[in-house]
Amino acid sequence: MKATNSTIQANHIRRLMIDKFVSLGLNEDDASVIALHLTETSLDGTDTHGIRLFPTYVKEFEGGRSNPKPHIKVENESAVSALIDAGGANGIIAAEYAIKIAIDKAKREGLSAIVVKNSNHFGAAINYSKQAAKEGLIAISLTNSDALVSLAGGKEPLLGTNPIGFSAPAHEQAFHSDFATSQVSYSKVKHWQKVGAEIPFGCARDESGEESAQSQKVSSLQALGGYKGQGLGFMVQILTAVLGGAPFDHELSHLYSEPYDKPREVAHFFLVINPSLFGHSQDFKSRVDGLISEARAHSPLATLPGEIESQTKNIRLSEGIPIEPEFKAWLDELETPITP
């Protein structure tokens, strides 16, 4: 494998993923889309939603949770909206299908709202709003997810981490923001559990519903910003699962757990707005540039959304994407020819 010092080059891991997905029944185009999403997300430094998902997606295709040849169909369509049945597709494929429709409608009609049901994990939410921003459009992308977040005083998880991706176009650099509605991601908790580290107070709860800093006793995550984050989590669930007639967060199976042979029925939501509805789109881009310039002048030390990702990408394109020993071993096994 072309990896040194626990890194792997983006082009190499992308090719590995394409070949594996095609061997599982996907066509070359769909395999390439998933591989591109995962690779680009890792290049940006969002490792939890990048190439680390490769083994999980393989399990989903092998077990039947994700359909390698889904029949995606549009239901209840209007000039500015659509409900899409993803047919059990991988979430990235379903979301790509949806965001293209959303962008096309917003260009024609000024705005669009698309709901997707019967889907699976769709990677990083920001990937879809970014596509709209490249077309000069504002976008919000949402998905519900399996329950990991408990309410204040609750003992059992009720809400997913339910991420929000937001993008706005600009002349110089588009504005991108992507965040979960939990205080921390579950992937971070898994890492802290692995190394035996304590969790920052206010991030998780134990089985009794009490706040805990002991990673081994974590039973649920806490919402971002307390009850305000709870509100955001509910908002995402309402715009995805409730609006799409899909299962609630606490009814979904967990991404990293069995069964891998049953569809998860995740739901997504995309809102795309054409700035020309409210004036000149070029003027809007200039104003976004102006806002960012003022923010930098206000606090030169502040890190604005997208800056760390841009810096990380430049480094990883040169030095490779870091990979953990277990993942490297899995890739090595994947590349090792089976002798009869």
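The rules behind these values
- Residues numbered from 1 in each chain as written.
- Predicted model: local features only at pLDDT ≥ 70, side-chain atom pairs only at ≥ 80, totals over all residues.
- Heavy atoms only, no water.
- Pairing = 2+ DSSP bridges.
- Helix = DSSP H or I, 4+ residues; strand = E, 2+ residues; numbered from the N terminus.
- Axes fitted to C-alpha atoms, helices over the stretch in contact; angles between N-to-C directions.
- Contact = heavy atoms within 4.5 Å.
- Buried < 20%, exposed > 50% of the residue type's maximum accessible area, 1.4 Å probe, protein only.
- 1 Å grid on protein atoms, 1.4 Å probe; cavity = no way out; pocket = protein on both sides within 12 Å on 5 of 7 lines; lining within 4 Å.
- Points joined across faces, edges and corners; volume = space filled by probe spheres on them.
- Expected span 1.5 Å × (residues − 1).
- Parallel < 35°, antiparallel > 145°, perpendicular 65-115°, else oblique.
- Nonpolar A, V, L, I, M, F, W, Y, C, P; charged D, E, K, R; others polar.
- Patch = residues over 30% accessible without salt bridge, like charges linked within 9 Å, V, L, I, M, F, W, Y side chains within 5 Å.
- Areas by Shrake-Rupley, 256 points an atom, 1.4 Å probe, with all protein chains shown as cover.
- Salt bridge = Lys/Arg side-chain N within 4 Å of Asp/Glu carboxyl O.

A. Just the sheet that holds strand β6 (residues 164–168), in detail. Spatially, seven strands are ordered β2-β3-β4-β10-β5-β6-β7 in an open sheet, and the strand pairing comes out mixed. At either end of the open sheet lies a strand with only one pairing partner, and these are β2 (73–75) and β7 (175–179). On average, each strand axis in the sheet is inclined to that of its neighbour by 15 degrees, with strand direction left out of account. Looking at chain direction, β2 and strand β3 (residues 81–85) are connected through three bridges and run antiparallel. Within the sheet, the bridge partner assigned to Glu75 lies in β3 and is Leu83. Strands in contact with helix α4 (residues 91–109) are β2, β3, β4 (111–119) and β10 (266–273); relative to β4, the strand with the most contacts, it is inclined by about 165 degrees.

B. Summary view of the pairing of β6. Within β6, four of the five residues are buried, leaving the element largely enclosed by the surrounding structure. Of the pairings in the sheet, the one linking strand β5 (residues 138–143) to β6 comprises four bridges and is antiparallel in character. Residue pairing across strands places Ala139 opposite Ser167, the latter belonging to β6. Bridging between β6 and β7 involves five bridges; their strand directions are antiparallel. Paired with Ile164 across the strands is Phe179, a residue of β7. Here β6 folds back onto β7, and the loop between the two strands holds six residues.

C. Structural context of the layout of surface pockets. Volume-wise, the second largest pocket comes out at about 600 Å³. Together, 16 residues line the second largest pocket, and Arg52, Lys190, Lys194, Tyr256 and Glu324 are the ones closest to its centre. At the level of secondary structure, the elements contributing two or more residues to the lining of the second largest pocket comprise α3 (54–63), α6 (186–195) and α10 (325–335). It is α6 that contributes the most residues to the lining of the second largest pocket, four residues altogether.

D. The arrangement of helix α1 (residues 10–23) in detail. Here α1 contains 14 residues, and its C-alpha end-to-end distance of 20 Å stays within 8% of the 20 Å for a straight helix at 1.5 Å per residue. On its buried side, α1 packs onto β1 (7–8), α2 (28–43), α3, β11 (321–322) and α10.

E. Main features of the packing of α3 against α10. Where α3 meets α10, the axes come as close as 11 Å, and the angle between the chain directions of the two elements is 50 degrees. If you check the angle between α3 and α10, you find them oblique. Across from Phe54, Pro55 and Val58 in α3, the residues of α10 making contact are Phe327, Trp330, Leu331 and Leu334. For the contact of α3 with α10, the class distribution of residues is seven nonpolar, no polar and no charged.

F. Structural detail: the environment of Val242. With respect to the element layout, Val242 can be found in helix α7 (residues 227–244). Here the alpha-carbon distance between Val242 and Glu156, two residues 86 residues apart in the chain, equals 21 Å. Leaving out residues up to four positions away in the same chain, Val242 has contacts with Gln237 and Phe248.

G. Summary view of a nonpolar patch on the surface. Together, Val80, Leu111, Leu277 and Phe278 make up a nonpolar patch on the protein surface, roughly 380 Å² of accessible area in all. With respect to the helices, strands and loops of the structure, Leu111 is situated in strand β4. Given the relative accessible area of 35%, Leu111 is considered partly exposed.

H. Seen up close, empty space enclosed by the protein. Scanning the model with the defined rule gives one cavity of 30 Å³ or more in all. Surrounding the largest cavity, Gln173, Ala174, Phe175, Ile292, Arg296, Leu304, Pro305 and Glu307 form its lining. Taken together, the residues that form the lining of the largest cavity break down as five nonpolar, one polar and two charged.

I. Representation of the pattern of salt bridges. Summed over the entire model, instances satisfying the criterion amount to 16 salt bridges. We note a salt bridge from Glu40 to Lys313, for which the minimum N-O separation is 2.7 Å. Pair noted here: Glu40 is in helix α2 and Lys313 is in helix α9 (residues 307–319), with a separation of 273 residues, a long-range link. A relative accessible area of 26% means that Lys313 is categorised as partly exposed. The partner of Glu77 in a salt bridge is Lys105, with the nearest N and O atoms 2.9 Å apart. With Glu77 in the loop between β2 and β3 and Lys105 in helix α4, the pair connects residues that are 28 residues apart, well separated along the chain. Judged by its relative accessible area of 3%, Lys105 falls in the buried class. Here the salt bridges share partners, and the residues they tie into one network are Arg14, Glu40 and Lys313.

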